[in-house]
Amino acid sequence: MVARLAPRWCLRALRSPLQVIGFPSLQLHMSGIAMRASQEDFENALNQVKLLKKDPGNEVKLKLYALYKQATEGPCNMPKPGVFDFINKAKWDAWDALGNLPKETARQNYVDLVSSLSSSSESSNQVQPGTDRKQQEYENLVVTSEDGITKITLNRPTKKNAINTQMYQEIILALKAASNDDSILTVVTGNGDYYCSGNDLTNFMDIPPGGVEEKAKQSAVLLRDFVGSFIDFPKPLIAVVNGPAMGISVTILGLFDAVYASDRATFHTPFSHLGLTPEGCASYTFPKIMGPAKATEMLIFGKKLTAGEACAQGLVTEVFPDSTFQKEVWTRLKAYSKLPKNAMKISKQVIRNMEKEKLHAVNAEESSVLQERCLSDECINAAVNFLSKRAKL
Ligand SMILES: CCCCCCCCCCC/C=C/C(=O)SCCNC(=O)CCNC(=O)[C@H](O)C(C)(C)COP(=O)(O)OP(=O)(O)OC[C@H]1O[C@@H](n2cnc3c(N)ncnc32)[C@H](O)[C@@H]1OP(=O)(O)O
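Residues numbered from 1 in each chain as written. Predicted model: local features only at pLDDT ≥ 70, side-chain atom pairs only at ≥ 80, totals over all residues. Heavy atoms only, no water.

Engineer: Could you give an account of the overall build of the chain, with specific residues and numbers?
Structural biologist: A tally of helices and strands in the chain yields 14 helices and 12 strands. Taken across its 393 residues, the chain has 46% of its residues classed as buried. Residue pairs at least 24 apart in sequence account for 75% of intrachain contacts in the chain once pairs closer than 6 positions are excluded. Of the roughly 19,700 Å² of accessible surface on the chain, 55% is carried by carbon and sulfur atoms. (Helix = DSSP H or I, 4+ residues; strand = E, 2+ residues; numbered from the N terminus. Buried < 20%, exposed > 50% of the residue type's maximum accessible area, 1.4 Å probe, protein only. Contact = heavy atoms within 4.5 Å. Areas by Shrake-Rupley, 256 points an atom, 1.4 Å probe, with all protein chains shown as cover.)

Engineer: Quick one: what's the story with the pattern of salt bridges, residue by residue and with numbers?
Structural biologist: It is possible for side chains bearing opposite charge to pair when their charged atoms get close. Counted according to the given criterion, the structure contains 14 salt bridges. The closest approach of N and O atoms between aspartate 181 and lysine 235, which form a salt bridge, is 3.0 Å. One end of the pair, aspartate 181, is in the loop between α6 (165–180) and β6 (185–190); the other, lysine 235, is in the loop between α7 (211–231) and β7 (237–241), and 54 residues separate them in sequence. Neither aspartate 181 nor lysine 235 differs from the other in exposure class; each is buried. The shortest N-O distance in the salt bridge between glutamate 355 and lysine 288 comes to 2.6 Å. A residue pair is termed long-range when its members are at least 10 positions apart, and glutamate 355 in helix α13 (residues 341–373) and lysine 288 in helix α9 (residues 282–290) qualify at 67 residues. (Salt bridge = Lys/Arg side-chain N within 4 Å of Asp/Glu carboxyl O.)

Engineer: Hey, could you go over the packing of α9 against helix α10 (residues 292–299) for me, with residue numbers and the actual values?
Structural biologist: Look at α9 against α10: their axes get within 7 Å of each other, and the N-to-C directions meet at 130°. With respect to α10, the element α9 is oriented oblique. As for the relative orientation of α9 and α10, their crossing is right-handed in sense. Where α9 approaches α10, its residues Ala282, Ser283, Phe286, Pro287 and Met290 are matched on the opposing element by Pro292, Lys294, Ala295, Met298 and Leu299. Of the residues that constitute the contact of α9 with α10, the class distribution is eight nonpolar, one polar and one charged. (Axes fitted to C-alpha atoms, helices over the stretch in contact; angles between N-to-C directions. Parallel < 35°, antiparallel > 145°, perpendicular 65-115°, else oblique. Left-handed = near helix turned anticlockwise from the far one by under 90°. Nonpolar A, V, L, I, M, F, W, Y, C, P; charged D, E, K, R; others polar.)

Engineer: So what about unusual backbone geometry? Which residues, and what values?
Structural biologist: One non-glycine residue, aspartate 147, adopts positive backbone phi at about 55°. Within the secondary structure, aspartate 147 is located in the loop between β4 (141–146) and β5 (149–154). In this model, cysteine 281 sits at a positive phi of 70°, which is unusual for a non-glycine residue. If you trace the backbone, cysteine 281 turns up in the loop between β10 (266–268) and α9.

Engineer: Explain the side chain of lysine 348 residue by residue, including any values.
Structural biologist: The residue lysine 348 is located in helix α13 in this model. A polar contact of 2.8 Å, which involves the side chain of lysine 348, links it to the side chain of aspartate 257. If near-sequence neighbours (up to four positions away) are discounted, lysine 348 is found in contact with Phe233, Pro234, Lys235, Pro236, Leu237 and Asp257. (Polar contact = N/O pair within 3.5 Å; in protein donor to acceptor, adjacent residues only side chain to side chain.)

Engineer: Got a sec to walk through the sheet that holds strand β8 (residues 245–246)? Specific residues and values, please.
Structural biologist: With respect to topology, three strands assemble into an open sheet ordered β8-β10-β11, the strand pairing being mixed. Two strands in the sheet have a free side with no partner beyond their single neighbour: β8 and β11 (305–306). Looking at chain direction, β10 and β11 are connected through two bridges and run antiparallel. Directly across from phenylalanine 267, in β11, lies its bridge partner leucine 305. (Pairing = 2+ DSSP bridges.)

Engineer: Describe the environment of lysine 176, listing the residues and the values that go with them.
Structural biologist: With respect to the element layout, lysine 176 can be found in helix α6. Lysine 176 sits 54 residues away from phenylalanine 230 along the chain, and the two C-alpha atoms are 9.7 Å apart.

Engineer: Lay out α10 in plain terms, naming residues and giving numbers.
Structural biologist: Taken together, the buried positions of α10 are occupied by Ala295, Met298 and Leu299. Buried residues of α10 fall within an arc of 80° about the axis and therefore sit on the same side. Its buried side turned inward, α10 meets α8 (248–251), β10, α9 and β11. (Arc of directions from axis to C-beta.)

Engineer: Break down the domain arrangement of the chain for me, citing the residues and quoting the values.
Structural biologist: When cut into domains, the chain gives domain 1 (39–116) and domain 2 (141–391). Between the C-alpha centres of domain 1 and domain 2 there is a distance of 47 Å. (Domains from an automatic or database assignment.)

Given below as structure tokens:
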């Protein structure tokens, strides 16, 4: 049985994900004394390894291969494959590295390794119960993971997905969780007809006991942390802009790795109208992306761009007809999510890391300027105007 099962697994070892369902871990260590794995334990482990839900990765698969060969055949007895026979060379190296490890120890190590894999596969099943799983409950977001893509949906459609204080905090948390989860790509999108109408202007109304200065200070810290979590996000980050985008939801697009937009989307940063100044590192990224003259029209004069214009300026990657937007974008993202995960992550870091320090400095400066700005008459009057429904931008 061993001989029949193992070689088939070995052939697949560096290619395919392992298959479904968890299983109880083997208890081989009692009262701190390591027990010897029996032939039956070993055969169980050989069966269990085929049932692992989560692909343990090539490094572990090579370890399993080497231990299996050592346990069944003893020290490596095959001729060394040529340098261009990458897979067989990697397998040979792993086996050869075990030297004269006794067969019994190799068998024990194999069983222990499978046992540890099956318990971690069980605990990860608890967080990932289905293919479309909710990772955590949020008040203002829906976060799901499917097909290697974590999707963060802004979910205040009746307020055009305006970002209130709690939502800023939830987005920071969701990005942190996405940076540590198994996903390959992370997507931000909006629920309803808007992508996002930017900062919730009622944020300006909730004044703490320390007064408006204290509010401005707290807001500047929150803003800096919020933008910082985009600057530091380690994996490819994609915006699926399903409708109009305003203010801070537009500026942070310069920190995304790709931006797909419906032809219904518009891009509007009416900072001057609100007595405000740019944030989200746009004072640095926008002139770089579209040139200073075009950035001035958006960031200082508040010119609203259509999706086509934003694409022509380089802020948007590609525009799709609204009628086919979701289908086309998700088909594409699912295809991208199948590309090698580490290569994409490292490529993003190579592209972005040189700029990180600069971006954090820009973010700190923009937040500090805004801390002053939101105490200005210009800003307070604009917020009051909006809230009293006298102004629609
Ligand atoms: C002391 C300082 C605290 C600061 C907090 C920290 C963060 C600092 C960041 C500061 C930098 C600012 C960045 C920005 O994002 S600037 C852009 C801000 N956004 C806006 O100015 C948009 C305002 N909204 C509108 O102009 C219109 O609502 C809109 C064009 C978006 C839609 O118009 P429409 O007529 O289609 O729909 P309604 O106006 O009826 O909207 C439906 C309901 O949604 C509410 N809404 C929409 N957007 C916002 C918003 N940004 N803030 C609060 N509420 C919003 C709207 O009021 C309606 O609500 P009701 O149904 O209850 O009336």
